[in-house]
Amino acid sequence: MPLARNSKVTNGKSLRSSKALPTENGSAHKPEESCQAKRSPSSPQGAPKKRSAFGDLTNAHKNQPTQGKKEVVKVAPKKAPRSTAVPVSKNNEINLKKSTKKTSLEEAPVCSEPVVKDDSAANEKPVVQKSPPAPGELVPMQQVPELEDVDKDKDDPYANAEYAKDIFVYMREREESFPLPDYMEKQFDISRDMRAILIDWMVEVQENFELNHETLYLAVKLVDHYLVEVVTMRDKLQLIGSTAILIASKFEERCPPCVDDFLYICDDAYQREELLTMEISILQTLKFDINIPIAYRFLRRFAKCAHANMETLTLSRFICEMTLQEYDYVQERASKLAASCLLLALKMKKLGGWTPTLEYYSGYCSSDLHPLVKRLNFLLTYQHDDKLRAVRTKYSHKVFFEVSKIPALDMLKLEEALKS
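Residues numbered from 1 in each chain as written. Predicted model: local features only at pLDDT ≥ 70, side-chain atom pairs only at ≥ 80, totals over all residues. Heavy atoms only, no water.

The chain is annotated in an unreviewed UniProt entry as Cyclin B3 of Ornithorhynchus anatinus. UniProt, in the comment section headed Sequence similarities (unreviewed entry), describes the chain in these words: "Belongs to the cyclin family. Cyclin AB subfamily." (UniProt positions renumbered as here; feature names shortened; annotations may be inferred.)

Pasting the structure below:
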C-alpha cells in the first residue's frame with residue numbers, strides 16, 4: 001500500500017485496521033477513519049499503483065391496475081318498449097345486438113402494465129362472442145401473457161419498490177439527452193488506443209481506491225462527453241480522466257477521495273490548480289448535468305427481473321466492463337448494452353433466454369439484442385490486448401468468481417442458442 005506523503009506508520013500497522021469485505025456490487029464497505037493530513041480514508045490498497053498512464057504506452061414489483069386482466073362486466077340488455085307492431089323474436093334480436101356492442105366497448109382493455117394473477121377473478125367466466133362483429137364494431141384486445149411483478153416486495157425500503165419502475169422509465173428517457181457521436185474524427189492528438197489505455201488506468205484507480213462501480217462507469221461517460229466538446233492534447237488526457245473520477249466520486253460516493261489522492265495517483269504529474277481548473281472546465285462544458293444514465297444500473301435492474309444469481313450477474317458485469325475500453329461501444333445506449341450483456345451471460349451459463357418479464361421491463365425483445373450479443377461474444381473471444389489487462393485481472397479474482405476465465409461461446413453455438 002503506498003503510504004501518504006509526510007505521514008508516519010506507528011506500531012508497524014498500516015493505515016487500515018480491518019480488511020474491507022466485498023459487497024454485492026463488487027465495492028467494499030470501508031471503515032470510517034479520520035482523514036490524515038493529505039490522505040483520504042480511501043487511499044490506494046495493495047501494491048503501489050502510482051504511475052503516469054501515458055509515461056509508458058504499454059501501461060496500463062398486488063397493487064396492479066385491473067386493466068391488464070379482463071373482468072366481466074355484465075350488462076343487462078335494455079328492454080325494448082312494448083309494442084304489438086314488432087314481434088317478440090325481432091325484439092330479442094335487436095336487444096342482442098345492442099348488448100353485444102355495448103359489452104365489447106366496455107371490455108376493450110389497454111395493456112400498459114404487467115398482468116398479475118388475481119385469484120378472486122378465477123371463477124369468472126368471460127363473455128364469449130358467438131357471432132362475428134359487425135363492420136366498424138370494436139373488438140376486445142387479445143389477452144397478453146401474465147408477467148411477474150418484480151417490484152411486489154414493498155417491505156425493503158432500499159428497493160424503492162413504489163418508485164422503481166418510474167425511475168427506470170425516467171432513465172430511459174434521459175438516454176435521449178446524452179447521445180455520443182464519433183468524436184475521434186476531430187481529436188488530432190489522441191487516438192482510440194490512448195483512450196483505451198486511459199480507461200484501463202481508470203479501472204485500476206477504481207479498484208485501488210475501492211470505489212463503487214457506478215463511479216467508474218460515470219467517470220468514463222464524463223470523459224467521453226467532454227471529449228465530444230473539447231479538443232485536447234495527449235498530455236492532458238490523464239488529467240481529464242483523474243478529474244472525471246473525482247467528479248464522479250463526489251456524485252456517487254459516501255466518502256470520496258480528496259484532491260491530493262488524485263495528484264498522488266497521477267505520480268505528481270499535475271498541480272492542484274490544474275486539477276481544480278479541469279474540474280471547473282468539465283462541469284461548465286457539461287452544464288453541470290452529470291446525471292448520465294449508465295449501463296451498470298440497468299444491468300442490476302435487468303438481473304433482478306431474470307432472478308440471476310450473483311455469479312451470473314458478475315459475469316454480465318465483466319462483459320459490460322470490457323466494453324468501457326472499446327471505442328466501438330461508445331455510441332451504444334446504456335440500457336441496450338446492459339440487456340445484451342445479461343443475455344450473453346445467460347446463454348454462457350445455459351440459463352435460458354429473454355423472458356416476457358425481461359422484455360417488458362427492459363423495453364427490448366430478444367431479436368433487438370442479437371446483433372449486439374454477437375459483437376460482445378466476438379470481443380470476449382478474439383480481442384485480447386496484453387497491454388490492457390486491468391479488467392481481466394480484476395475479474396479473475398475469487399471475489400468475482402473468476403468469471404474472466406469462463407470461455408466464450410463458439411459463434412455457431414451462440415447462433416443456435418439465440419434461435420432457440
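Resuming the write-up.
Q: Please clarify how empty space enclosed by the protein should be interpreted in this entry.
A: Over the atoms rolls a probe the size of a water molecule, and its path tells where empty space is left. Taken as a whole, the largest cavity encloses approximately 180 Å³ of empty space. Lining the largest cavity are 15 residues, and of these Lys221, Leu324, Tyr329, Val330 and Leu337 sit closest to its centre. Among the secondary structure elements, those contributing two or more residues to the lining of the largest cavity are α4 (213–229) and α10 (334–348). The element contributing the most residues to the lining of the largest cavity is α4, with four residues. Among the residues making up the lining of the largest cavity, the classes are represented as 10 nonpolar, one polar and four charged. If you count residues domain by domain, the lining of the largest cavity takes at least three from each of domain 1 (184–286) and domain 2 (295–419). (1 Å grid on protein atoms, 1.4 Å probe; cavity = no way out; pocket = protein on both sides within 12 Å on 5 of 7 lines; lining within 4 Å. Points joined across faces, edges and corners; volume = space filled by probe spheres on them. Helix = DSSP H or I, 4+ residues; strand = E, 2+ residues; numbered from the N terminus. Nonpolar A, V, L, I, M, F, W, Y, C, P; charged D, E, K, R; others polar. Domains from an automatic or database assignment.)

Q: Any chance you could explain the packing of aromatic side chains here in plain terms?
A: Here the distance between the centres and the angle between the planes together describe a pair of aromatic rings. Within the structure shown, the criterion is met by nine aromatic pairs. Here the aromatic cluster, defined as three or more aromatic residues joined through ring pairs, consists of Phe168, Phe298 and Phe302. The ring of tyrosine 329 has arginine 375 sitting right over it, with the charged end atom 4.6 Å from the ring centre. (Phe/Tyr/Trp six-rings, centres within 6.5 Å; stacked < 30°, edge-to-face > 60°. Lys NZ or Arg CZ within 6 Å of the ring centre and 35° of its normal.)

Q: What's the story with the nonpolar core in this structure? I'm lost.
A: Soluble, globular proteins show a tendency: their nonpolar side chains are buried together. With 95 residues, the main nonpolar core has Met202, Leu222, Phe318, Ile319, Leu337, Leu344 and Leu376 as its most contacted residues. Residue contributions to this core peak at 11 residues, all from α10. When residues are assigned to domains, this core turns out to be shared by domain 1 (184–286) and domain 2 (295–419), each giving three or more. Not counting residues within four places of it along the chain, the set of residues in contact with phenylalanine 318 comprises Leu380, Val391, Arg392, Tyr395, Val403 and Ser404. (Core = buried A, V, L, I, M, F, W, Y, C linked by side-chain atoms within 4.5 Å. Buried < 20%, exposed > 50% of the residue type's maximum accessible area, 1.4 Å probe, protein only. Contact = heavy atoms within 4.5 Å.)

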